[in-house]
Amino acid sequence: MEIQKVGVVGCGLMGSGIAQVTATAGFQVTVREVNDALLDKGFERIHSSLSKLVEKNQLSEVEKKNTLSRLKRTTNLNDLKDSDLILEAIIENPQAKKDLYRELDALCPKQTIFASNTSSISITEMAAVTKRPERLIGLHFMNPVPLMKLVEVIRTVMTDDAVFEQMVKFAERLGKEPVRTWDRVGFIVNRLLVPYLLDAVRVFEQGFGSIPDIDKSIRLGLNHPMGPFTLLDFVGLDTTLYIAEIMFEEYRESRFATPPLLKRLVTPGCNGRKSGRGFY
């Protein structure tokens, strides 16, 4: 089955980015959110992102106009029923995702492929609530989606081989670099990244150096584009805490245990850049 129509559920930071790159690649995209206010915010983000690409001569005005013409918005999930592929980017809540997939499974024809952008929730658990577990996989984009090249393509023990390879090719059509991996909590990127971020907090707690000096050590000593505390503020302290707790529940290894300081910051809402307060 050739993919032509794509549905995107969720128009937040990740969903709007996924919708943008999918429309830019030439697909007809319908974006669904629960209300118009969230759609307005998401589409404003898309307009801003496309305008910046035009300013940098990475996209022409014609391409921007064509991209926007391929994007439709809706608050009605039924408007996605004719999609060949539905990309889900809603809240990182297992029950919310399962409820959505039950609804989509009843709504869409059996050939529709479902793909979740989850960064930590089991793909297998989501697939198991549908009657098409062989056609539900993970497509984990990196933030910010329009700029980051990597996409983790995640299969379960039930995934159809043809569907998996089709999703690899789909990621390539979006101009991304896909990597193949299995449904293990954290996949590749977060399995390596989260222990590193948590350990940076421990290094600070243990008095090895200040937050700016630890960041500088990683930037200049390892040539990373940003230090761990800058990255934590960018990703979101609450998001990191949530992923770490899921990974600790799965693996029961001390490297995934949350440092006390991270919990003390998240509790009063110091979640990083999105809240205006974090490690910086």
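Report follows, based on the coordinates. On a predicted model such as this, the values are computed, not experimentally measured, just so you know.

Looking at the layout of surface pockets
Part 1 of the argument: Of the volumes computed, that of the second largest pocket is approximately 390 Å³.
Part 2 of the argument: Forming the boundary of the second largest pocket are 17 residues, of which Ser-49, Lys-52, Pro-144, Pro-146 and Leu-147 lie nearest the centre.
Part 3 of the argument: Every element with two or more residues in the lining of the second largest pocket is listed here: α1 (13-24) and α2 (36-55).
Part 4 of the argument: Partitioned by chemical class, the residues of the lining of the second largest pocket number eight nonpolar, six polar and three charged.

A word on the pattern of salt bridges
Part 1 of the argument: In this structure the tally under the stated criterion is 13 salt bridges.
Part 2 of the argument: Between Lys-97 and Glu-92 there is a salt bridge whose closest N-O contact spans 3.3 Å.
Part 3 of the argument: Glu-125 is the partner of Lys-98 in a salt bridge, and the nearest nitrogen-oxygen pair spans 3.4 Å. Of this pair, Lys-98 sits in helix α4 (residues 94-107) while Glu-125 sits in helix α5 (residues 123-128), placing them 27 residues apart in sequence.
Part 4 of the argument: Assessed through its relative accessible area of 41%, Glu-125 is described here as partly exposed.
Part 5 of the argument: The network of salt bridges with common partners includes Asp-36, Asp-40 and Arg-73.

A look at the nonpolar core
Part 1 of the argument: The biggest cluster of nonpolar side chains holds 38 residues, and the ones touching the most others in it are Val-31, Leu-87, Leu-139, Met-167 and Phe-170.
Part 2 of the argument: Sequence-distant contacts of Val-31, defined by excluding residues within four places in its chain, comprise Val-8, Gly-10, Cys-11, Ala-19, Leu-39, Phe-43, Leu-71, Lys-72, Arg-73 and Thr-74.
Part 3 of the argument: Core analysis: the next-biggest nonpolar cluster, separate from the first, contains 23 residues, Leu-197, Phe-229, Leu-231 and Leu-262 among them.

A short note on the packing of α1 against α2
The description of two packed helices rests on the angle between their axes and on the distance between the axes.
Part 1 of the argument: Between α1 and α2, whose axes approach to 9 Å, the crossing angle comes to 50 degrees. Of the possible angle classes, the one that applies to α1 and α2 is oblique. Seen along the crossing, α1 lies across α2 with a hand that is right-handed. For the pair formed by α1 and α2, the contact residues are Leu-13, Ser-16, Ala-19, Gln-20 and Thr-24 on the first element and Gly-42, Arg-45, Ile-46, Ser-49, Leu-50 and Leu-53 on the second.
Part 2 of the argument: Looking at the contact of α1 with α2 residue by residue, the classes come out as five nonpolar, five polar and one charged.

Reading the values: rules and limits
Residues numbered from 1 in each chain as written. Predicted model: local features only at pLDDT ≥ 70, side-chain atom pairs only at ≥ 80, totals over all residues. Heavy atoms only, no water. 1 Å grid on protein atoms, 1.4 Å probe; cavity = no way out; pocket = protein on both sides within 12 Å on 5 of 7 lines; lining within 4 Å. Points joined across faces, edges and corners; volume = space filled by probe spheres on them. Helix = DSSP H or I, 4+ residues; strand = E, 2+ residues; numbered from the N terminus. Nonpolar A, V, L, I, M, F, W, Y, C, P; charged D, E, K, R; others polar. Salt bridge = Lys/Arg side-chain N within 4 Å of Asp/Glu carboxyl O. Buried < 20%, exposed > 50% of the residue type's maximum accessible area, 1.4 Å probe, protein only. Core = buried A, V, L, I, M, F, W, Y, C linked by side-chain atoms within 4.5 Å. Contact = heavy atoms within 4.5 Å. Axes fitted to C-alpha atoms, helices over the stretch in contact; angles between N-to-C directions. Parallel < 35°, antiparallel > 145°, perpendicular 65-115°, else oblique. Left-handed = near helix turned anticlockwise from the far one by under 90°.

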